[in-house]
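# Examination of the molecular architecture
Each chain, written out:
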Amino acid sequence: MIELTAGAAAVRVDPEDGGRLTSLRVGDAELLGAGGAGPAGLDRIMYGSFLMAPFVGRLEGARFTFAGREWTVPANLAPHALHGLVFDRPWTVDGTATLGAAVGIELDGRWPFGGAVRQEFELTPDALTVRATVTNERRAMPAIVGFHPWFARRIDGGPELAYRFEPGLRYVCDEDGIPRHLSASTGPRPWDDSFTAVASPPVLRWPTLDLTVASAAGHWIVCETKADAVCVEPLSGPVNGLNTDHYQIVEPGAPLRFSMTLHWTARQPTDRKTT
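In this report, the structure presented in the accompanying data block is examined. Keep in mind it's a predicted model, so treat the numbers as computed, not measured. (Residues numbered from 1 in each chain as written. Predicted model: local features only at pLDDT ≥ 70, side-chain atom pairs only at ≥ 80, totals over all residues. Heavy atoms only, no water.)

## Some remarks on the overall build of the protein chain
Defined as follows: The way it works is that DSSP assigns letters per residue, a run of H or I at least four long becomes a helix, a run of E at least two long becomes a strand, and they are numbered from the N terminus. Using C-alpha atoms as the atom set, the radius of gyration is obtained and then compared with a globule rule of 2.2 Å times the number of residues to the power 0.38. Any two residues whose heavy atoms approach within 4.5 Å at even a single point are treated as in contact.
Across its full length, the protein chain carries one helix and 25 strands. The C-alpha atoms of the protein chain give a radius of gyration of 18 Å, which matches the 19 Å a tight globule of 275 residues would have. In terms of overall dimensions, the protein chain has C-alpha extents of about 60 × 45 × 35 Å along its principal axes. By sequence separation, contacts in the protein chain at least 24 residues apart represent 64% of the contacts at least 6 residues apart.

Encoded structure:
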């Protein structure tokens, strides 16, 4: 277990548990949570904050076309694949980190191109930045990455959080959760949807704390269907993007780099009355 502290903030990263951020505490408040039971065999997608790579969300049919031929990956949510190939395997501690801590993993035989993924964690008293890098020094491959944080609905047993999320467009999905087209309607609540053209960084608001999820993401997923936690997930490309050609080509000398910064501020007593 990797532990970092800065001022009143502390984080824990578990390399053995999929390189996952298992705790983010500010003072006595634990900000991460769990969404309950997951689909069969997929409980590891339901807690903490983990990285999705080299694809995000659902991959239709667990297959895609690249460089003129079809490729397949295991269908862990049959008939589709879900959330990439690195959340369910141990990572190793990378001792070359210059700030904070780093972990890494080689993509295994389920991914036909090889390659590797690295995460760096940098903590300050008021922010956590997680940087992801996908590399392949042997050949070209497609890749999309995303962060999947579960945030606790309540901290210290207090009132439920509120949050600001201002999407411009929502992906309308079929019955299997595969995006089919974009709509200007934000759709019915509660959301378990993906979005693009988001107007400003999402902000989560607990009675004593505000947290901004900052990223250069062009795509986001929000899941608010669980009783105890919500997800606000920045993505480097869209769900099923390997099948719609919305990915980055990773090749020798050309990595994919993507980051998320969680920045928190204490709420003043006068602000707390409005929550």
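The discussion continues.
## Remarks on the pairing of strand S8 (residues 69-72)
Remember that side chains alternate between the two faces of the sheet whenever the strand is regular. Note the threshold: Two strands form a pair only when DSSP identifies at least two bridges running between them.
Across four bridges, the pairing between strand S7 (residues 63-66) and S8 is antiparallel. Each residue of the ladder has a partner; that of phenylalanine 64, found in S8, is tryptophan 71. If you look at the hairpin formed by S7 and S8, you'll find two residues sitting between the two strands, and alanine 67 has a positive phi there, around 55°.

## Some details on the environment of glutamine 248
The test is simple: For every residue, the accessible area obtained with a 1.4 Å probe (protein chains only) is divided by the maximum for its type, and the residue is called buried under 20%, exposed over 50%, and partly exposed between those limits.
Relative to the elements of secondary structure, glutamine 248 occurs in strand S24 (residues 248-250). The exposure class of glutamine 248 is partly exposed, given its relative accessible area of 33%. Linking glutamine 248 and glycine 237, residues eleven residues apart in sequence, is a C-alpha distance of 8.2 Å. Setting aside residues up to four positions removed in sequence, glutamine 248 forms contacts with Met141, Pro142, Ala143, Pro255 and Leu256.

## With respect to the side chain of aspartate 17
You can see aspartate 17 is positioned in the loop between strand S2 (9-14) and strand S3 (20-26). Those residues in contact with aspartate 17 that lie beyond four places of it in its chain are Arg44 and Tyr47.

## Comments concerning the environment of alanine 67
The residue alanine 67 is located in the loop between S7 and S8 in this model. Of the residues examined, alanine 67 reaches a relative accessible area of 70% and is grouped as exposed. Along the primary structure alanine 67 and methionine 141 are separated by 74 residues, whereas in three dimensions their C-alpha atoms are 8.6 Å apart.

## With respect to the side chain of aspartate 193
Relative to the helices and strands, aspartate 193 is located in strand S19 (residues 192-196). Once residues lying within four places of it in the same chain are set aside, the contact partners of aspartate 193 are Arg170, Tyr171, Trp220, Ile221 and Val222.

## Brief notes about the packing of aromatic side chains
Going by this rule: Aromatic pairing here means that ring centres of Phe, Tyr or Trp (its six-membered ring) are within 6.5 Å. Orientation follows from the plane angle: under 30 degrees is stacked, over 60 is edge-to-face, and everything else is tilted. In our convention, an over-ring charge means Lys NZ or Arg CZ found within 6 Å of a ring centre and within 35 degrees of that ring's normal.
Evaluation of the coordinates by the stated rule reveals twelve aromatic pairs. Note on phenylalanine 165 and tryptophan 191: the rings are 5.9 Å apart at their centroids and 75° apart in plane angle, and the pair reads as edge-to-face. Placement of the pair is phenylalanine 165 in the loop between strand S16 (162-164) and strand S17 (169-173) and tryptophan 191 in the loop between strand S18 (179-183) and S19, with a sequence separation of 26 residues. Phenylalanine 165 sits in the buried class, given a relative accessible area of 10%. Over the face of the ring belonging to tryptophan 71 we find arginine 69, whose NZ or CZ atom lies 3.8 Å from the ring centre. One cation-aromatic arrangement involves arginine 189 over tryptophan 191; the distance from NZ or CZ to the ring centre is 3.8 Å.

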